[in-house]
Amino acid sequence: MFTLSSLTLAAYGLLALGLTAASLRQEAPGWIALITSAMLALAAGLLQPLGALAVAAVAGLTLALRRYPRPELYLVWIAALLALAVHALPGFDNQLLWQGKASADSAPYRLFWSYDKGVAGLLLLLNLARAPLPQRQLGWPAAAVGALALLFVLGIAAATGVIGFSPKWPAWLLPWLLANCFLVSLVEEAFFRAGIQRWLELRTEPFAALMAASLLFGLAHFAGGWAWVGLATLAGIGYGLIYAARRQLWLAVLAHLGFNTLHLLLFAYPKLA
């Protein structure tokens with residue numbers, strides 16, 4: 001296990017608080033947490049001058065969209081967020097907390113706390129804080145179907161040999177849970193469900209919006225191969241149904257976190273070697 005300085009922990013802690021506030025449509029606390037976190041990250045070396053410049057530029061673009069909501073500006077903003085999320089911009093020292101094999105039969109895995117992806121999610125959520133929500137709710141039966149779909153995905157993955165039964169309780173479970181909640185599940189559900197699926201539902205039928213967002217979610221996992229794309233698409237349908245049940249982002253986030261936690265604790269993680 002790698003250790004983190006108190007300044008670095010404080011920077012990540014404030015980032016998580018900002019993500020939580022913004023996800024609940026509380027803009028002022030979100031902006032305050034972002035600015036304070038970035039200052040601490042810069043002092044800790046987690047954020048370097050080029051990274052600070054990138055954060056400031058994308059934050060400025062986020063604010064500019066409120067006054068100039070032009071389609072071309074939105075495209076630049078989305079491209080900048082994606083560049084942050086996939087670690088394409090320089091100036092970030094994302095913290096490696098653990099590396100190795102989660103179990104003897106699993107592929108190698110590295111646990112990162114990705115500051116740039118967290119910043120991308122926070123800026124996205126700050127923009128979405130004023131976005132309208134679709135009025136139609138599919139209700140709790142849709143959430144139940146979504147939860148069953150997620151269990152079905154695990155079953156398919158095990159049956160096809162993508163993962164195998166391998167129960168464990170890793171020593172690095174707590175930092176993994178924190179990373180998976182705030183820097184994976186919340187950020188991804190904000191983009192694909194509160195972002196893409198919500199935006200499409202305001203312009204088309206709920207089913208079409210659900211399927212389009214799920215397919216894009218699956219394609220985002222293309223690095224794992226076509227089997228991974230198919231499984232992620234099915235999981236995206238589950239998350240999308242849970243989100244559409246009550247239009248609550250955190251329901252989808254908790255479903256995503258729960259699915260990933262079951263995967264980690266009961267099966268080869270991230271997949272069989």
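What you see is a predicted model; the values in this text were computed from it and never measured.

Chemist: Just checking my understanding: could you explain the overall build of the protein chain for this structure?
Modeler: Broken down by element type, the protein chain carries 10 helices and two strands. Written out in order from the N terminus, the α and β elements of the protein chain read α-α-α-α-β-β-α-α-α-α-α-α. In terms of overall size, the protein chain behaves like a compact globule, its C-alpha atoms giving a radius of gyration of 18 Å where 273 residues would be expected to give roughly 19 Å. For the protein chain, the spread of C-alpha atoms along the principal axes amounts to about 50 × 45 × 30 Å. Residue burial in the protein chain is summarised as follows: out of 273 residues, 52% are buried. Of the roughly 12,700 Å² that the protein chain leaves accessible, carbon and sulfur atoms contribute 71%. For the protein chain, the distance from the average position of its 16 positive side-chain charges to the average position of its 9 negative side-chain charges is 4 Å.

Chemist: I'm lost on helix α6 (residues 140-159) in this one. Help?
Modeler: Working note: α-helix, 3.6 residues per turn, so residues spaced by three or four point in the same direction. Between its first and last C-alpha atoms α6 spans 29 Å; for 20 residues at 1.5 Å apiece the expected length is 28 Å, and the two agree. Of all the residues in α6, the buried ones are A142, A143, G146, L150, V153, L154 and A157. Angularly, the buried residues of α6 cover 135° about the axis, an arc narrow enough to put them on a single face. Seen from the buried face of α6, the exposed residues on the opposite side, beyond 90 degrees, are W140, P141, L148, F152 and A159. For α6, the elements touching its buried residues are α9 (226-246) and α10 (249-266). Directly after α6, the chain includes G161, whose backbone phi takes a positive value near 80°.

Chemist: Looking at this structure, how should I read the pairing of strand β2 (residues 108-113)?
Modeler: Look at any regular strand and the pattern is simple: side chains alternate between the two faces of the sheet. Side-chain alternation along β2 places Y109, L111 and W113 on a buried face and P108, R110 and F112 on a face that remains uncovered. Across six bridges, the pairing between strand β1 (residues 95-101) and β2 is antiparallel. Residue Q99 lies in a different strand from β2, and its bridge partner there is R110.

Chemist: Help me understand the UniProt feature "transmembrane region" (unreviewed entry) in the protein chain in this model?
Modeler: Cross-referencing UniProt, the feature "transmembrane region" (unreviewed entry) maps to residues 31-61, 73-92, 112-129, 141-163 and 249-269 in the present numbering. As a span, residues 249-269 carries 86% helix and 0% strand, and end to end its C-alpha atoms are 26 Å apart.

Chemist: Explain the layout of surface pockets here, please?
Modeler: Leftover empty space is mapped by rolling, across the atoms, a probe with the size of a water molecule. Taken as a whole, the largest pocket encloses approximately 1,500 Å³ of empty space. Taken together, 47 residues form the lining of the largest pocket, with K117, V184, E188, H221 and W228 sitting closest to its centre. At the level of secondary structure, the elements contributing two or more residues to the lining of the largest pocket comprise α4 (71-85), β2, α5 (115-128), α6, α7 (173-201), α9 and α10. Looking at the lining of the largest pocket element by element, the count peaks at nine residues for α7. Its residues placed into classes, the lining of the largest pocket shows 33 nonpolar, 10 polar and four charged. What the second largest pocket holds in volume is close to 620 Å³. Along the walls of the second largest pocket sit 23 residues, with Y74, W77, L128, R198 and W199 positioned nearest its centre.

Chemist: Help me understand the side chain of R247 in this model?
Modeler: Note that R247 resides in the loop between α9 and α10. Given a relative accessible area of 6%, R247 falls into the buried group. Here E201 takes part through its side chain, which lies 2.7 Å from a polar atom of the side chain of R247. Aside from chain neighbours lying at most four places away, what touches R247 is L133, P134, R136, Q137 and E201.

Chemist: Is there a simple way to think about the packing of helix α3 (residues 49-67) against α5 in this case?
Modeler: A pair of packed helices is captured by two measures, namely the crossing angle of their axes and the spacing between those axes. Contact geometry of α3 with α5 gives a least axis separation of 10 Å together with a crossing angle of 10°. Judged by the angle between their axes, α3 and α5 are roughly parallel. Contacts from V55, V58, A59, T62, L65 and R66 of α3 reach α5 at V119, L123, L126 and N127. A class-by-class count of the residues in the contact of α3 with α5 yields seven nonpolar, two polar and one charged.

Chemist: So what exactly am I meant to see when it comes to the side chain of E189 here?
Modeler: The residue E189 is located in helix α7 in this model. Taking relative accessible area as the criterion, E189 reaches 0% and is therefore assigned buried. For E189, the side chain forms a polar contact with the side chain of R193, separated by 2.7 Å. Non-local contacts of E189, meaning those with residues more than four positions away in its chain, are made with A194, Y239, L249, A252, V253 and H256.

Chemist: Sorry, what's going on with the pattern of salt bridges here?
Modeler: Oppositely charged side chains are able to pair whenever their charged atoms sit close together. Scanning all chains against the criterion turns up five salt bridges. Of the charged contacts in the structure, one is a salt bridge between R193 and E189, with a shortest N-O distance of 2.7 Å. Taken together, the positions of R193 and E189, both in helix α7 and four residues apart, correspond to about one turn of that helix. As far as the burial class goes, R193 and E189 line up, both buried. It is possible to trace a salt-bridge network through shared partners that takes in E27, R66 and R130.

Rules of the game
Residues numbered from 1 in each chain as written. Predicted model: local features only at pLDDT ≥ 70, side-chain atom pairs only at ≥ 80, totals over all residues. Heavy atoms only, no water. Helix = DSSP H or I, 4+ residues; strand = E, 2+ residues; numbered from the N terminus. Rg over C-alpha atoms; globule rule 2.2 N^0.38 Å. Buried < 20%, exposed > 50% of the residue type's maximum accessible area, 1.4 Å probe, protein only. Areas by Shrake-Rupley, 256 points an atom, 1.4 Å probe, with all protein chains shown as cover. Lys, Arg positive; Asp, Glu negative; His and termini not counted. Charge placed at Lys NZ, Arg CZ, Asp CG, Glu CD. Expected span 1.5 Å × (residues − 1). Arc of directions from axis to C-beta. Contact = heavy atoms within 4.5 Å. Pairing = 2+ DSSP bridges. UniProt positions renumbered as here; feature names shortened; annotations may be inferred. 1 Å grid on protein atoms, 1.4 Å probe; cavity = no way out; pocket = protein on both sides within 12 Å on 5 of 7 lines; lining within 4 Å. Points joined across faces, edges and corners; volume = space filled by probe spheres on them. Nonpolar A, V, L, I, M, F, W, Y, C, P; charged D, E, K, R; others polar. Polar contact = N/O pair within 3.5 Å; in protein donor to acceptor, adjacent residues only side chain to side chain. Axes fitted to C-alpha atoms, helices over the stretch in contact; angles between N-to-C directions. Parallel < 35°, antiparallel > 145°, perpendicular 65-115°, else oblique. Salt bridge = Lys/Arg side-chain N within 4 Å of Asp/Glu carboxyl O.

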